[in-house]
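Examination of the molecular architecture
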Amino acid sequence: MTTLVFLEHHEGELQKGSLGVLGKAAGLGHPVSGIILGSGVEGLAADAGRYGAATVYVADDLRLEAPLPQPRVDALAQLVEEKGIETVLFAQSILSADIAAALAARLDAGLNWQLVDLEEQDGVLVGKQSALGDSVLVDVGWTSTPRLGLFRAGVFDPVETGGAGTLERLDVRFEEHSLLAEMLEQAHEETSGPSIEDASVIVAGGRGLGAPEGFGMVEELAKALGGAVGATRAVVDAGWYPYASQVGQTGKNVSPALYVACGISGAIQHKVGMQGSKVIVAINKDPNAPIFEFADLGVVGDVNQIVPKLTELVRARSS
Ligand SMILES: Cc1cc2nc3c(=O)[nH]c(=O)nc-3n(C[C@H](O)[C@H](O)[C@H](O)COP(=O)(O)OP(=O)(O)OC[C@H]3O[C@@H](n4cnc5c(N)ncnc54)[C@H](O)[C@@H]3O)c2cc1C
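We now turn to the structure provided with this report. (Residues numbered from 1 in each chain as written. Predicted model: local features only at pLDDT ≥ 70, side-chain atom pairs only at ≥ 80, totals over all residues. Heavy atoms only, no water.)

1. What to know about the overall build of the protein chain
For the record, the criterion: Numbering goes from the N terminus for both helices and strands, where a helix is a DSSP run of H or I of at least four residues and a strand is a run of E of at least two. As a reference, a globule follows 2.2 Å times the number of residues to the power 0.38, and the radius of gyration itself is taken over C-alpha atoms. Burial classes follow relative accessibility: with a 1.4 Å probe on protein chains only, a residue under 20% of its type's maximum area counts as buried, one over 50% as exposed, and anything between as partly exposed. The Shrake-Rupley method, run with a 1.4 Å probe sphere, supplies the accessible areas, and residue values consider only the shown protein chains as cover. In this tally Asp and Glu are treated as negative and Lys and Arg as positive; neither His nor the chain ends contributes. For the purpose of locating charges, the reference atoms are NZ of Lys, CZ of Arg, CG of Asp and CD of Glu.
In terms of helices and strands, the protein chain carries eight helices and 16 strands. A compact globule built from 319 residues would reach a C-alpha radius of gyration of about 20 Å, and the protein chain, at 21 Å, matches this within 12%. Relative to its full complement of 319 residues, the protein chain shows a buried share of 48%. Of the roughly 15500 Å² of accessible surface on the protein chain, a fraction of 49% belongs to carbon and sulfur atoms. The averaged location of the 41 negative side-chain charges in the protein chain is 6 Å from the averaged location of its 22 positive side-chain charges.

2. Topic: the pattern of salt bridges
Worth spelling out the cut-off: Criterion for a salt bridge: a side-chain nitrogen of Lys or Arg within 4 Å of a carboxyl oxygen of Asp or Glu.
Going through the model one piece at a time under the given rule, you end up with 14 salt bridges. Across the salt bridge formed by arginine 50 and aspartate 47, the nearest N and O atoms sit 2.6 Å from each other. With arginine 50 and aspartate 47 both in helix α2 (residues 45–50) and three residues apart, this pair spans about one turn of that helix. With a relative accessible area of 29%, arginine 50 lands in the partly exposed category. Residue classification places aspartate 47 among the partly exposed residues on the basis of a relative accessible area of 24%. For arginine 233, the salt bridge identified is with aspartate 237, shortest N-O distance 3.2 Å.

3. Brief notes about the nonpolar core
Stated formally: Here the nonpolar core consists of buried residues drawn from Ala, Val, Leu, Ile, Met, Phe, Trp, Tyr and Cys, with membership extended through side-chain atoms lying within 4.5 Å. Pairs of residues are marked as contacts when any of their non-hydrogen atoms sit within 4.5 Å.
In terms of nonpolar packing, the biggest core is built from 29 residues, with Leu4, Ile35, Leu76, Val88, Phe90 and Leu103 touching the most fellow members. Looking at this core, the elements that each hand over two or more residues are β1 (3–6), β4 (32–38), β5 (55–60), α3 (69–83), β6 (87–91), α4 (94–107) and β10 (147–151). Considering each element in turn, this core owes the most residues, seven residues, to α4. Setting aside residues no more than four positions away along its own chain, leucine 76 makes contact with Leu4, Phe6, Ile35, Val88, Phe90, Ile99 and Leu103. One finds Val32, Leu44, Leu125 and Phe156 within the second-largest nonpolar core, a separate group that totals 26 residues.

4. Some points on the site of the ligand
Operational definition: Near, as used in this document, describes a residue that has one of its heavy atoms within 4 Å of the molecule or strand being considered. Think of a polar contact as two N or O atoms within 3.5 Å of one another; within protein, one of them needs to be a possible hydrogen donor and the other a possible acceptor, and neighboring residues in sequence only count if both atoms come from side chains. Residues are called lining when one of their atoms sits within 4 Å of a cavity or pocket point, these points coming from a 1 Å grid over the protein atoms alone, where a cavity is a set in which a 1.4 Å probe fits but cannot get out and a pocket is an open set with protein on both sides within 12 Å along at least five of seven lines. Any molecule with more than half of its atoms within 2 Å of a cavity's or pocket's grid points is regarded as sitting in that cavity or pocket. Under the grouping applied here, Gly and all other residues not named as nonpolar or charged are polar, the nonpolar ones being Ala, Val, Leu, Ile, Met, Phe, Trp, Tyr, Cys and Pro and the charged ones Asp, Glu, Lys and Arg.
Neighbouring the ligand are 25 residues; Arg207, Thr232, Thr250, Ser265 and Gln269 lie closest to it. Interatomic distance of 2.9 Å between a backbone N/O atom of glutamine 249 and an oxygen atom of the ligand. At 2.9 Å from a nitrogen atom of the ligand is found a main-chain nitrogen or oxygen belonging to valine 303. Counting atoms within 2 Å of the grid points, the majority share of the ligand lands in the second largest pocket. Its residues assigned to classes, the shell around the ligand comprises five nonpolar, 15 polar and five charged.

5. Some remarks on the pairing of β1
Note the following rule: Strands are treated as partners if at least two bridges between them are detected by DSSP.
On β1, burial covers both faces: Thr3 and Val5 on one face and Leu4 and Phe6 on the other are all buried. When β1 meets β6, the two strands line up parallel, connected through three bridges. In the strand pairing of β6, threonine 3 is matched with threonine 87. Of the strand pairs in this sheet, β1 and β4 are connected by four bridges, and their pairing is parallel. Note that in β4 the partner of valine 5 across the bridge is glycine 34.

6. Focus on the sheet that holds strand β13 (residues 228–231)
To keep it simple, the criterion reads: All axes here are fitted lines through C-alpha atoms, helices being fitted over the stretch that makes contact, and every angle between N-to-C directions spans 0 to 180 degrees.
Read from one edge of the open sheet, five strands run β13-β12-β14-β15-β16, paired in parallel fashion. Among the strands making up the open sheet, the edge pair consists of β13 and β16 (297–300). Taken pair by pair, the neighbouring strands of this sheet meet at an average axis angle of 20 degrees, ignoring direction. Strand direction decides the pairing type here: strand β12 (residues 201–205) and β13, joined by four bridges, are parallel. Within β13, the residue paired with alanine 204 across the bridge is glycine 230. Set on the sheet, helix α5 (residues 215–225) makes contact with β12, β13 and β14 (258–262); between it and β12 the angle comes to about 175 degrees.

7. With respect to unusual backbone geometry
Of note, the amide linkage connecting threonine 145 to proline 146 takes the cis form, showing an omega dihedral of -5 degrees. Within the secondary structure, proline 146 sits in the loop between β9 (136–140) and β10. Backbone geometry at aspartate 108 places phi at a positive 55 degrees, although glycine is not the residue there. Within the secondary structure, aspartate 108 is located in the loop between α4 and β7 (110–121). Using a relative accessible area of 68% as the deciding quantity, one classes aspartate 108 as exposed. Not every positive phi belongs to a glycine, and glutamine 114 is a case in point at roughly 55 degrees. Mapped onto the elements of the fold, glutamine 114 is located in strand β7. Take glutamine 114: its relative accessible area is 22%, and that puts it in the partly exposed class.

Now the structure itself:
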C-alpha cells in the first residue's frame, strides 16, 4: 500500500495537523511518504522524516512560493502517476481542501473528507467519518485508487518516531493554466500567544458573552492563564470573533489541559471539538445547560461577574 501525505507548512514549520496525519498513516505499518511543496523548503524534509515519512519528496520552486492550489495539484498529480501512489492524505485547511478537491477532479479519484480516523480492515483501508451532527461515526471507503482523504483539523497529535526520511527532489512539470493565478498580497492576522491548536489552556466564549465586546474579558483571562481564545460557531457566524478560533465539528478539534467555556451551551457540534480536553470548566447562568453534563467543574452564574474575578484571582496567584 503506497501512501503519500501532503505536508503543509507555514513560516518555516511543518503544520502540526499534517504531521499528525503522517504519524497516523505511518502507524498503519506501511512505509509512508510525505510531500513538501514551496520555495526554500528543503530544510523541512528532516522534520518530516522524524515524524514518520520514510521518503520525503520535495519540490523547491519559486512557482510554488505562494500558497496557491493549482501548481500543487500539478506536483501531486505528477507524483501519484509516476510512483503509482494509491492513497493521498491531507489535514484539513483552506489550502488543503482546495488542493484535495482539485486533485480529485484531475485524477478522477474519490475523496472522503471530514475524516476523524483511518484503519485497515482485512487489508482494506477504511475511513471513519462523523455523521448526523456527530452523533454517529460511519465507515467510509473507496471503490478505486488513488484514494484521497481529508482529515478534520487536529484529530491526531504528531508522534516523533526519530527516523530519517530519504529525500527525493521533484521537478514539477507545471500546466500552463496552473500558473495563471497570481498572489498579489497576503495579510496575516496579528496574533499574540499560542494558537488554539497548540495551547495547553483555551478560554472559549459563546453567545452568553452578550456582545463582541464580551471577548475582551475572555482574552484577558486567556492572557492571564497563558492560553488561547476559542469560540463557538454561533459567535463566529455573528462576526464576533475570527473563524480561525472556532472549535467544533466545522471548526477545530482541540485537546488542551484546561478548557474554560464561558457562556457556551455545549451543543453536540461544539462538544465534539473539545471533549478531548483534560479538564473542562463551564461558566453558564443556566443550571440546565447541556455543557454541565460533561464539564468537570461547573459554575452557575453570570460570565460578566465571574470571568473578570477569575482573571483577578489568576493574576494574584501568578504574581
Ligand atoms: C452542521 C452544523 C455544524 C456546526 N458546527 C459547529 C461548530 O463547529 N462549533 C460550534 O460551536 N457550533 C457548531 N454548530 C452550532 C451549534 O449547534 C450551536 O448552535 C452553537 O455551538 C451554539 O453556540 P453558543 O453555545 O455560543 O450559543 P447558545 O447555544 O445560544 O448558548 C449560549 C449559552 O450562554 C448562556 N448564557 C447566556 N447569558 C449568559 C451569561 N450572562 N452568563 C453565563 N452564561 C450565559 C446560555 O444559558 C446558553 O447556554 C454547528 C451546527 C450545525 C447544524
